[in-house]
Every structure is written in C-alpha cells, then in structure tokens.
Amino acid sequence: KAGVTQTPRYLIKTRGQQVTLSCSPISGHRSVSWYQQTPGQGLQFLFEYFSETQRNKGNFPGRFSGRQFSNSRSEMNVSTLELGDSALYLCASSLGRMENTEAFFGQGTRLTVV
Amino acid sequence: KNEVEQSPQNLTAQEGEFITINCSYSVGISALHWLQQHPGGGIVSLFMLSSGKKKHGRLIATINIQEKHSSLHITASHPRDSAVYICAVRNNDMRFGAGTRLTVKP
C-alpha cells in the first residue's frame, strides 16, 4: 500500500513569488492535514481538510490557503512568499477526522525562500 | 507558557536502558499523539491515545486525562531508537510539544 506522497520534495523560491505544494493521501483516506515545521517555532498546524471541506485552520495569515479534490488529494498554496516561510511542510492523511483516527505523514516538502 | 510541554528536551542513554519521555498539556483534548521524527524529516505516528495505555513492541504509551499528562516509555533501548519524539494534542486543531531529542549509544 503506497504511503502519503508529497511533491515536490525540495523547492527554492524567491521572495514575493507564490508556491503550490501537493499531497496525495493513502488510498481510501479522506482527511488531509498540513503542518509547518521550522527550527524556531517547531511544528505548527496549518489546516485540515475532510471530504473536500476545510474543517479547521491554524493561526496563519491568509497567504496560506489550501484545497482538497474529490479524490482526496490536497494542495496548499502560499502567496507572496516571505523569508520566514522557509520551512519543512508536512502533510498527513487519515481515514477519518484526525481527532478520531491515526495519522500517516508524508516525507515533507522543504521550501527555501531566498 | 506552552500549552504542550515535553521533558526532557534532550536525552542520552546507553543501549538497553529504559527510557521515559513526559508530556504535560493544559488544554482540553480529544486525543494525544506520540510521533517519531528521524533526521531528514520523516514523521511516524507511534500512538494515538484518548485514555489508558497502549503497547507496540518495546514502546509503551500511557495517558492520565485527569492529570493532563502522558508518558512514552521505551524498554531495552537501541541505537535505532535515536530520533526526536514529539507529543501532539488534538482538539479542534493540533498543538505540538517542542520534542525530545533521544540519542541511544551502543
């Protein structure tokens, strides 16, 4: 059974640009959640999608957005990139809502903003 | 004060030792997760707990809802257990501890 796949694995962008990251969940999983990990702030919750609807959102500015497609694949978008957006972005999938079921994480996308 | 506190921050052990990592939280939760992160970034979910105790091989996780405290135990530690262990609590969102960096020496 394939795991959670995140693409791309590494990305370098320039300040002011926008970026789209992709997450393909484990087959059959309906929930995808996104996280940001930085050395200074650690892991922080970005948002959770379940059945194509955003269920919860963390404390991030509106530049961070996401969506989920009917096949449960999810994308997150960051517009007007700032240097501080450099981070490891992780997604996790689960069968149901994350509060009730185990989460399986992808390897992450390492974004560097220069 | 962080809503999720882990201790210790760093832990060095000799192979075979019994290890305990603690997590205290100050918010209401629906579940608590223990995560393992190896160098390179990949995260593995070890346990999801809402009460009591769970065991997988040499790993044991306990939670006391009344005291808002959870522990992760590793019996007969091995160098391959070296990783960062992260406690995360779930309510409407997910809040994370800062992690415990474990190094197990042969």
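Above this text you will find the structure in question.
Fair warning: this is a prediction, and the values are worked out from it, not measured in the lab.

### Looking at the interface of chain B and chain A
Alright, step 1. At the junction of the two partners, chain B supplies 17 residues and chain A supplies 19 residues.
Alright, step 2. Carbon and sulfur atoms make up 57% of the area that chain B and chain A hide from each other, which totals about 1,500 Å².
Alright, step 3. By the criterion of area lost to chain A, the three top residues of chain B are I43, R90 and F96 of chain B, representing 36% of everything that side buries.
Alright, step 4. If you look at where chain B meets chain A, you find one salt bridge.
Alright, step 5. As a salt-bridge pair, R90 of chain B and E48 of chain A come within 2.8 Å of each other at their nearest N and O atoms.
Alright, step 6. The interface formed by chain B and chain A includes two residue pairs in polar contact (both at pLDDT 80 or more).
Alright, step 7. Where the side of chain B that touches chain A is concerned, the elements lending two or more residues are β4 (31-37), β5 (43-49), β9 (83-90) and β10 (94-96) of chain B.
Alright, step 8. In terms of residue count, β4 of chain B provides more of the side of chain B that touches chain A than any other element does, four residues in total.

### Side note on the packing of aromatic side chains
Alright, step 1. The final tally for this structure, using the stated rule, is five aromatic pairs over all chains.
Alright, step 2. Ring geometry for F60 of chain A and F64 of chain A: centres 5.2 Å apart, planes at 65°, overall edge-to-face.
Alright, step 3. Accessibility expressed as a relative area gives 15% for F60 of chain A, which makes it buried.
Alright, step 4. Through successive ring pairs, a cluster of aromatic residues spans Y35, F45 and F105 of chain A together with F96 of chain B.

### So, the sheet that holds strand β7 (residues 59-64) of chain B
Residue and element names in this part refer to chain B.
Alright, step 1. The five strands lie next to each other as β1-β3-β8-β7-β6, forming an open sheet whose pairing is antiparallel. The sheet terminates laterally at β1 (4-7) and β6 (52-56), the two strands that pair on one side only. Going across the sheet, the axis of each strand differs from the next one's by a mean of 15°, ignoring polarity.
Alright, step 2. With six bridges joining them, strand β3 (residues 19-25) and strand β8 (residues 69-74) adopt antiparallel strand pairing. By the bridge assignment for β8, N22 is matched with S71.

### Quick look at the state of the cysteines
Residue and element names in this part refer to chain A.
Alright, step 1. The final tally for this structure, using the stated rule, is two disulfides over all chains.
Alright, step 2. Covalent S-S linkage joins C23 and C91, the inter-sulfur distance amounting to 1.9 Å. When the S-S torsion is 75°, as for the bridge of C23 with C91, the disulfide is right-handed. Residue C23 is located in strand β3 (residues 19-24), and its partner C91 is located in strand β9 (residues 87-94); the two are separated by 68 residues in the primary sequence.

### Remarks on unusual backbone geometry
Alright, step 1. At the junction of T7 of chain A and P8 of chain A, the peptide bond is cis and its omega measures out at -10° in the coordinates.
Alright, step 2. Mapped onto the elements of the fold, P8 of chain A is located in the loop between β1 (5-7) and β2 (10-13).
Alright, step 3. The peptide bond linking S7 of chain B to P8 of chain B adopts the cis configuration, its omega dihedral lying at -5°.
Alright, step 4. Relative to the helices and strands, P8 of chain B is located in the loop between β1 and β2 (10-14).
Alright, step 5. Its identity is not glycine, yet T80 of chain A carries a phi of approximately 45°, on the positive side.
Alright, step 6. The residue T80 of chain A is located in the loop between β8 (74-78) and β9 in this model.

Rules and cut-offs
Residues numbered from 1 in each chain as written. Chains lettered and ligands numbered in written order. Predicted model: local features only at pLDDT ≥ 70, side-chain atom pairs only at ≥ 80, totals over all residues. Heavy atoms only, no water. Contact = heavy atoms within 4.5 Å. Buried area = accessible area lost by both parts, 1.4 Å probe. Salt bridge = Lys/Arg side-chain N within 4 Å of Asp/Glu carboxyl O. Polar contact = N/O pair within 3.5 Å; in protein donor to acceptor, adjacent residues only side chain to side chain. Helix = DSSP H or I, 4+ residues; strand = E, 2+ residues; numbered from the N terminus. Phe/Tyr/Trp six-rings, centres within 6.5 Å; stacked < 30°, edge-to-face > 60°. Buried < 20%, exposed > 50% of the residue type's maximum accessible area, 1.4 Å probe, protein only. Pairing = 2+ DSSP bridges. Axes fitted to C-alpha atoms, helices over the stretch in contact; angles between N-to-C directions. Disulfide = S-S within 2.5 Å.

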